[in-house]
Amino acid sequence: MAHTPIRTESCPVPPPGSRGIDEILAAARSRLRRLDPEQAHLAYRAGALLVDIRPTGQRAAHGTVPGALAVERNVLEWRFDPRCAARLPEAVGYDVPVVVLCQEGYTSSLAAASLQEIGLRHATDVVGGFAAWRIAGLPTLGPTPPPRPSSTAPPVTAGRALR
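Residues numbered from 1 in each chain as written. Predicted model: local features only at pLDDT ≥ 70, side-chain atom pairs only at ≥ 80, totals over all residues. Heavy atoms only, no water.

## Thoughts on the overall build of the chain
And step 1. Within the chain one finds six helices and four strands.
And step 2. Going from N to C terminus, the chain has its helices and strands arranged as α-α-β-α-β-α-β-α-β-α.
And step 3. The proportion of buried residues among the 163 residues of the chain is 32%.
And step 4. Pairs at least 24 residues apart make up 67% of the contacts formed inside the chain by residues separated by at least 6 positions.
And step 5. Roughly 10800 Å² of accessible area belongs to the chain as shown, and the carbon and sulfur atoms make up 59% of that amount. (Helix = DSSP H or I, 4+ residues; strand = E, 2+ residues; numbered from the N terminus. Buried < 20%, exposed > 50% of the residue type's maximum accessible area, 1.4 Å probe, protein only. Contact = heavy atoms within 4.5 Å. Areas by Shrake-Rupley, 256 points an atom, 1.4 Å probe, with all protein chains shown as cover.)

## Here's the deal with the sheet that holds strand β4 (residues 124-125)
And step 1. Strand order in the open sheet made by the four strands is β2-β1-β3-β4, with parallel pairing throughout. Pairing within the sheet leaves two strands with one partner each, and these edge strands are β2 (69-70) and β4.
And step 2. For strand β1 (residues 49-52) and β2, the ladder comprises two bridges, and the chain directions are parallel. By the bridge assignment for β2, V51 is matched with L69.
And step 3. The sheet strands contacting helix α5 (residues 107-117) are β3 (98-101) and β4, and the helix crosses β3 at an angle near 150°. (Pairing = 2+ DSSP bridges. Axes fitted to C-alpha atoms, helices over the stretch in contact; angles between N-to-C directions.)

## Digging into the environment of E104
And step 1. With respect to the helices and strands, the residue E104 is situated in the loop between β3 and α5.
And step 2. Taking C-alpha positions, E104 is 7.6 Å from V127, a pair spaced 23 residues apart along the chain.

## Details of the packing of aromatic side chains
And step 1. Under the definition given, this model contains zero aromatic pairs.
And step 2. When the ring centre of F130 is taken as origin, the NZ or CZ atom of R54, which lies over that ring, is 4.2 Å away. (Phe/Tyr/Trp six-rings, centres within 6.5 Å; stacked < 30°, edge-to-face > 60°. Lys NZ or Arg CZ within 6 Å of the ring centre and 35° of its normal.)

## Focus on unusual backbone geometry
And step 1. That bond from G142 to P143 is cis: its omega, -10°, falls within 30 degrees of zero.
And step 2. Within the element layout of this structure, P143 appears in the segment after α6 (129-135).

## Here we look at the nonpolar core
And step 1. In this structure, V51, I53, L76, F80, V98, V100 and L115 are the most contacted members of the largest nonpolar core, which totals 18 residues.
And step 2. Going through the elements one at a time, β1, α4 (76-80), β3 and α5 are the ones with two or more residues in this core.
And step 3. Ranked by residues supplied to this core, first place goes to α5 with three residues.
And step 4. Apart from the residues lying within four places of it in its own chain, the contact partners of L115 are L76, E77, F80, V98, V100, L120 and A123. (Core = buried A, V, L, I, M, F, W, Y, C linked by side-chain atoms within 4.5 Å.)

## As for the pattern of salt bridges
And step 1. Tallied over the full model, the rule gives six salt bridges.
And step 2. For R34, the salt bridge is made with D125, and the minimal N-O distance between the two is 2.8 Å. Residue R34 is found in the loop between α1 (21-30) and α2 (37-45), and its partner D125 is found in strand β4; the two are separated by 91 residues along the sequence.
And step 3. With its nearest N and O atoms 3.1 Å apart, the salt bridge here joins D81 to R83. (Salt bridge = Lys/Arg side-chain N within 4 Å of Asp/Glu carboxyl O.)

## Some remarks on the pairing of β1
And step 1. Alternating residues of β1 divide into L49 and V51 and L50 and D52, and every residue in both groups is buried.
And step 2. Direction of pairing for β1 relative to β3: parallel, over a ladder of four bridges. Note that in β3 the partner of L49 across the bridge is V98.
And step 3. Once the chain exits β1 it traverses helix α3 (residues 56-62) before rejoining the sheet at β2, and the crossover so formed is right-handed. (Right-handed = clockwise from strand over helix to strand, strands pointing away.)

## Some remarks on the pairing of β3
And step 1. Every second residue of β3 is oriented toward a common face, with V98 and V100 on one face and V99 and L101 on the other, all of them buried.
And step 2. The sheet contact formed by β3 and β4 spans two bridges and is parallel. The residue bridging V100 from the neighbouring strand is D125, located in β4.
And step 3. Handedness of the β3-α5-β4 crossover: right-handed.

In structure tokens, the structure reads:
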């Protein structure tokens, strides 16, 4: 007998024609030639723009890739659309290779597909995101870990008289 999971939460009936996020992500990824971290690093070294779309707080907490452009997700399309007055100087045309990096490789897939929709046909992303980049041992900066207390250092209260 097949086991069917029992749902404890109710899910509203989706409107006709809507798609779930898993479907949207799969459709986005079907258009990309995603790169593993090593391939992304090679593409960057060969001249591709590596674009980190993580929020400032996430970059501070986890670290960054030296030389990557930090362009938060909420302004990405405006910064890379060659038709837009708010574009970056690097957005010189539609053949610019852009490799998008997020923390784990989900948001970057949606972002890269969005860049393809505005005409940047060489936009793609990094499988596994920054986390996979770091695990692969590729260049990163920060974060600076808090200092560890030395096991030989006296306690902070040493030498103080208790009152």
